[in-house]
Amino acid sequence: MDAAEVEFLAEKELVTIIPNFSLDKIYLIGGDLGPFNPGLPVEVPLWLAINLKQRQKCRLIPPEWMDVEKLEKMRDHERKEETFTPMPSPYYMELTKLLLNHASDNIPKADEIRTLIKDTWDTRMAKLRVSADSFVRQQEAHAKLDNLTSMEISTSGAFLTQALNYMYKLRTSLQPLDSTQSQDF
Amino acid sequence: MDSSQQKTFRGHDAPVLSLSFDPKDVFLASASCDGSVRVWQISDQTCAISWPLLQKCNDVINAKSICRLAWQPKSGKLLAVPVEKSVKLYRRETWSNQFDLSDNFISQTLNIVTWSPCGQYLAAGSINGLIIVWNVETKDCLERVKHEKGYAICGLAWHPTCGQIAYTDAEGNLGLLENVCDPSGKKSSSKVSSRVEKDYNDLFDGDDASNADDILNDNAAKTPSFSKGIINDGEDDDDLMPASSRPRQRSHILEDDENSVDITLLKSGSSLLKEEEDDDQADNIHSLPLVSSQRPFYDGPMPTPRQKPFQSGSTPLHLTHRFMVWNSIGIIRCYNDEQDNAIDVEFHDTSIHHATHLSNTLNYTVADLSHEAILLACESTDELTSKLHCLHFSSWDSSKEWIVDMPQNEDIEAICLGQGWAAAATGALLLRLFTIGGVQKEVFSLPGPVVSMAGHGEQLFIVYHRGTGFDGDQCLGVQLLELGRKKKQILRGDPLPLTRKSYLTWVGFSAEGTPCYVDSEGIVRMLNRGLGNTWTPVCDTREHCKGKSDHYWVVGVHENPQQLRCIPCKGSRFPPTLPRPAVAILAFKLPYCQTATEKGQMEEQFWRSVIFHNYLDYLAKNGYEYEESTKNQAIREQQELLMKMLALSCKLEREFRCVELADLMTQNAVNLAIKYASRSRKLILAQRLSELAMEKAAELAATQEEEEEEQEEDFRKKLNAGYYNTPSEWSQPRLRNQVEEEAEDSGEADEVEEKPEIHKHSEIHFQGQNPFSKSANSSDVSTIKSGAVISSNQGRANPFKVSANSKEPAISVNTGRSTNILDNMNKLPKKSTALNRAASNDKSPVIKPLIPKPKSKQTSAASYFQKRTSQADKTDEVKEENPKNLSSETPALSPQNTENQRPKTGFQMWLEENRSNILSDNPDFSDEADIIKEGMLRFRALSAEERKAWTDKAKGGAASDGAEAKKRKRPVDENNETERTESQKEKAKENQNLPKKRKPLDLSTNQKLSAFAFKQE
């Protein structure tokens, strides 16, 4: 999966909006949405929320975890722990990016949130790199990584597996070479 | 004494708590944390005496009492020291403990003592807020006053001349006690048995009319904000006026309590007449019982300050950023800071109008918002009068604003908008109506000062002060007017019920137009138009709050869907404007008992559903449009709940309750209930229910007959034309003939003897409006497609079938208006059978085959019939036939035992013959159901003659045993066959092998249904 695909999946996440129009339930393949009452919060998928927001048809309510205090706690926790900590949403990065890009006016302290999420992300990516490094160094056969989000996996997953593949090939081709050499001698 | 001279007194081992100079400047008394109280000679700084009186402590902060001691003024003869719960008095020079002053009411350590300037009285304050005054000579307690909030008294000071004591408490409040001890009443007041409460002013208030004003002024001037009644102003007259009447009164108290009471009452009553402010009238009445119960001082309810007028959905006026309105249309915010005084209007639905920004030069304080307009009003200022400003944005002309000036000295206190009108309530107790375009309409007087108003459509909802409330309660009244073409008053100044000690916080209409309001305790109440315009609490918002100081700020009520829209406010009663609060939705919950149980839950749901659909009736009555489907849905929901409750009560063996529940049901639901009862073999219940059903039908018919008398003729004709048989209330005479004809038509010699019997039964059903026929009908309708079944029955069970079909129009005629309901309810049977099935499955281990009680059953059957037949005017014949029926029934022990032994219907016979064909055509058919289905299709494909032939064959083959029973069972059984799954069929087949003793039950349709129920096993 590449980032775009993950983002596409993330757009199915439900977020709360306050519409400023009135519309009866709409029936979509993915499920029914609405009814939309002006002034009344309603849960819709992210893609619709962004679409409505762009047309100024709604006000977005940030997810509960998108709060400076909670994110600070989360970041500190992430930094303290050796392993990956569970994230408030499996699509936290995508949600943050999309919401902050399109509806930053509805999110209090948007800049701080952006920084916090970025910090968390960086911490996690560093952890991922470190663990990949140790994984390769120690030539482990398998490793367990909990609480990784798909976006994080997509950043290194494809590259890592390919790299491991090549390394394996190199290693296996190295051995016969050794043996042939020894035979030659 | 030379001020420059310093003296140091050494001796205390811990911080000094208090000091007191001897008035003669010889001694100095001190109290210290080391627990000692010492007296020092000022001249040589030696310690004259030391008493270890107090508890030791290490610091002033930790000292239990600050021990403010005091010398007697003037002579300095006595030194008073507050020690724990008493005041110790020491004689000068000898330093002997002269005596102690104490009182039973002192429950906590005394903090402070003070002498009156005259030296006669001693006041002491305790750490729990008690102030006590003694007469030192007599050692009598004169006054006991408890601080309202029980804060520690930390300072006391006597008025130099009057009997007043100023006090301070540890929370920083300053208070004043008035007329603490009147010189002449010393003796008597010692006899005052009870605690002297602070609020007897109401009784004695205005004893002297000339003083009344003073008292009031005193009240106004001196009452500190925190304590309503700590001032005993009622008695201060005594100090000021020549003591004549009061002392006598006091002595009366001594001699004869009753007498004194009389006098007091008389006096206060007469003085009231003179008094201008007669608020206290009610108060006096309240105080009566208290007074007569030997409490000479008024200790009754205190009047509550009236709540100020408010706009629903607004936050307090003093805020710089506040909501003027938040309702279902939009939000009006008001900014009033240094830079800007402006009003922001925002609509939830931007399609109504775009957001607007107004400058608030006139300083508008109240506002309302509707689909059509924005209404603003301001109070009058020195130069300007109060103004009503309307922004009629939906106007089609170009001038969208109008302003109306109120007359001088008339301030607008509350405003509201309806559809096409605006209303303003003013301080002059006037309600002014305007059209939305600005035309002045009616003006009328309000019965009291307005609290709040709300408008919706044509309805205007006014809440006003009916009078003065007491003990924290508000005394509100409500008016509900309809300002449509027919102007009328729905609620004529009824009292508005509020939670105790609460005030009104929100007034409005639900989106559907039912008046609602919320009080400060968070209880939402709604007008129950179905119960004589009473108010029902529908939600307790405090239940949903997490913290004690959290509140929900209501912004709207919706009945369909049931939503209470409100804003959760953490730690406050109202939300701030920023960050922008989000609306939450609360569910309604009626305060029914035992909602943890299933029963309570369903009862709550049922009544909630009833209350929340009252608006439909209102809309219908007032000629508004509404969706019929909503109503049908509501009725279905209610009936389903009733059925569930019935099932539950049935399970709990509460049969009486079942009947009560059935009484609430509609006709169709009652039929289902009967079905359910007979299935769960509660035959007595079933019988009762069917009686009930008949009563209901009769009632319904009675009411409908009047309405539809004229149409009846037409209907009859139509029905007769359309249907072969038209059994109904109005065609009884014809029925017999038709039945006979029919019997002849069927032309079956061997059955002829039994036929009339059947018909009679069916007649009975018809005439009595027997619900069974209808229940059969409803299941018929649901399976009407099974043509094969019907056709196979044609020859024999014809009367039933006809009754079933013809019944339906009859019903729809009867119930006229409720046709839709019935149509709708036809869907119900399926659901409820599922429910019933589930229920009976649950029960199956419990239910044993009925223990036969033939006698009682026969008698009950007989009585059952008698009842019917008496109505049907056919008593004789049926009576004759009853025994016959019974006897003919008894041999057929279990109808369905025989049922499956040999094919009885044409279809079944045909199926037997053709089974091999079907199987060979469809080798993959392993399921019996599939075979039957396929068979049915094929059978249906046969021509009518062929089918008839099969049916005849079947009839020929059918033995006479229980033929009758079968016949009557047929419609149901056949339906079952179509409805049921294979597994059930097999079960039934297994059943036939089981030796089962089953007695025939009633001959009535009960039997049919019980057989149906048996088959369930």
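Residues numbered from 1 in each chain as written. Chains lettered and ligands numbered in written order. Predicted model: local features only at pLDDT ≥ 70, side-chain atom pairs only at ≥ 80, totals over all residues. Heavy atoms only, no water.

We count it as follows: UniProt positions are given in the numbering used here, feature names are shortened, and annotations may be inferred rather than shown by experiment.
Per an unreviewed UniProt entry, chain A carries the name DNA replication complex GINS protein PSF2 and comes from Loxodonta africana. Note on chain A: under the UniProt heading Function (unreviewed entry), the record states "Required for correct functioning of the GINS complex, a complex that plays an essential role in the initiation of DNA replication, and progression of DNA replication forks. GINS complex is a core component of CDC45-MCM-GINS (CMG) helicase, the molecular machine that unwinds template DNA during replication, and around which the replisome is built." Looking at the Subunit (unreviewed entry) heading of the UniProt record, one finds this comment for chain A: "Component of the GINS complex which is a heterotetramer of GINS1, GINS2, GINS3 and GINS4. Forms a stable subcomplex with GINS3. GINS complex interacts with DNA primase in vitro. Component of the CMG helicase complex, a hexameric ring of related MCM2-7 subunits stabilized by CDC45 and the tetrameric GINS complex."

### Re helix α9 (residues 614–621) of chain B
Every α-helix carries 3.6 residues per turn, so stepping three or four residues along brings you back to the same face. Stated formally: Buried, partly exposed and exposed residues are distinguished by accessible area as a fraction of the type maximum, computed with a 1.4 Å probe on protein chains only: under 20%, between the cut-offs, and over 50%, respectively. Here a helix means four or more residues in a row that DSSP labels H or I, a strand means two or more in a row labelled E, and each is numbered from the N terminus. Note on contacts: a residue pair is in contact if any heavy atoms of the two residues lie within 4.5 Å.
Burial in α9(B) covers these residues: N614(B), Y615(B), L616(B), Y618(B) and L619(B). Against the buried residues of α9(B) lie β29 (459–465), β30 (476–482), β34 (523–528), α8 (598–611) and α10 (628–651) of chain B.

### A closer look at the packing of helix α3 (residues 68–80) of chain A against helix α5 (residues 110–137) of chain A
Residue and element names in this part refer to chain A. For clarity, the cut-off: Angles shown run from 0 to 180 degrees and are taken between the N-to-C directions of axes, each axis being a line fitted to C-alpha atoms and, for helices, limited to the stretch in contact. For classification purposes, angles smaller than 35 degrees are called roughly parallel, those larger than 145 roughly antiparallel, those between 65 and 115 roughly perpendicular, and all remaining angles oblique. Crossing handedness is defined as follows: a turn of the near helix away from the far one that is anticlockwise and smaller than a right angle gives a left-handed crossing, while the clockwise case is right-handed. Note on residue classes: Ala, Val, Leu, Ile, Met, Phe, Trp, Tyr, Cys and Pro are nonpolar, Asp, Glu, Lys and Arg are charged, and everything else, Gly too, is polar.
Running from N to C, α3 and α5 cross one another at 15°; their axes reach a closest spacing of 9 Å. The angle between α3 and α5 falls in the class roughly parallel. With respect to the hand of their crossing, α3 and α5 are arranged in left-handed fashion. Judged by residue contacts, V68, L71, E72, M74, R75, E78 and R79 of α3 engage E112, I113, L116, I117, D119, T120, T123, R124 and K127 from α5. A class-by-class count of the residues in the contact of α3 with α5 yields 6 nonpolar, 2 polar and 8 charged.

### With respect to the pairing of strand β26 (residues 430–435) of chain B
Residue and element names in this part refer to chain B. Going by this rule: Between any two strands, at least two bridges found by DSSP are needed for them to pair.
With respect to burial, β26 is a largely interior element, 6 of its 6 residues being buried. Here β26 shows two buried faces, one formed by L430, R432 and F434 and the other by L431, L433 and T435. Sheet analysis places strand β25 (residues 421–426) next to β26, joined by 5 bridges and oriented antiparallel. Each residue of the ladder has a partner; that of A423, found in β26, is L433. The antiparallel hairpin formed by β26 and strand β27 (residues 440–445) contains 4 residues in its connecting segment, where G438 sits at a positive phi of about 110°.

### Side note on unusual backbone geometry
What is expected of a backbone is that most residues other than glycine have negative phi and most peptide bonds are trans. Residue P35(A) is bonded to the preceding G34(A) through a cis peptide linkage, with omega at 0°. Tracing the sequence through the fold places P35(A) in the loop between β3 (31–33) and β4 (42–45). Following N560(B), the chain continues into P561(B) via a peptide bond in cis, with omega recorded as -5°. Looking at where P561(B) falls in the secondary structure, it is placed in the loop between β36 (551–558) and β37 (563–569). For N147(A), which is not a glycine, the phi torsion comes out positive at approximately 60°. With respect to the helices and strands, the residue N147(A) is situated in the loop between α5 and α6 (150–184). Classification of N147(A) as partly exposed rests on a relative accessible area of 36%. Backbone geometry at N533(B) places phi at a positive 55°, although glycine is not the residue there.

### Focus on the nonpolar core
Most often, soluble globular proteins keep nonpolar side chains buried together rather than apart. The criterion, for reference: What is meant by a nonpolar core is a set of buried Ala, Val, Leu, Ile, Met, Phe, Trp, Tyr and Cys residues, joined one to another through side-chain atoms within 4.5 Å.
If you look at the biggest cluster of nonpolar residues, it comprises 41 residues, and the most contacted ones within it are I17(A), F36(A) and I113(A). Counting residues per element, the ones that place at least two in this core are α1 (3–10), β1 (14–19), β4, α2 (46–54), β5 (58–61), α3, α4 (92–103) and α5 of chain A. By size, the runner-up hydrophobic cluster in this structure holds 27 residues, among which are L641(B), A647(B), L672(B) and A686(B).

### Focus: the environment of D337(B)
Residues and elements named next belong to chain B. Inclusion rule: In protein, a polar contact requires one atom able to donate a hydrogen and another able to accept it; more generally it is a pair of N or O atoms within 3.5 Å, and residues adjacent in sequence count only if both atoms are side-chain atoms.
Secondary-structure assignment places D337 in the loop between β17 (330–336) and β18 (341–347). Separated by 18 residues in sequence, D337 and L319 have C-alpha atoms that sit 9.3 Å apart. In this structure the side chain of D337 is engaged in a polar contact, spanning 3.1 Å, whose partner is the side chain of H321.

### Observations concerning the sheet that holds strand β10 (residues 121–126) of chain B
Residues and elements named next belong to chain B. The antiparallel open sheet is built from 4 strands, whose spatial order is β9-β10-β11-β12. Across the chains shown, the open sheet's two edge strands, defined by having one partner strand only, are β9 (110–115) and β12 (140–146). Neighbour to neighbour, the strand axes of the sheet diverge by 20° on average, direction disregarded. Two strands pair when backbone bridges link them, and β9 and β10 are joined in this way by 5 bridges, in the antiparallel orientation.

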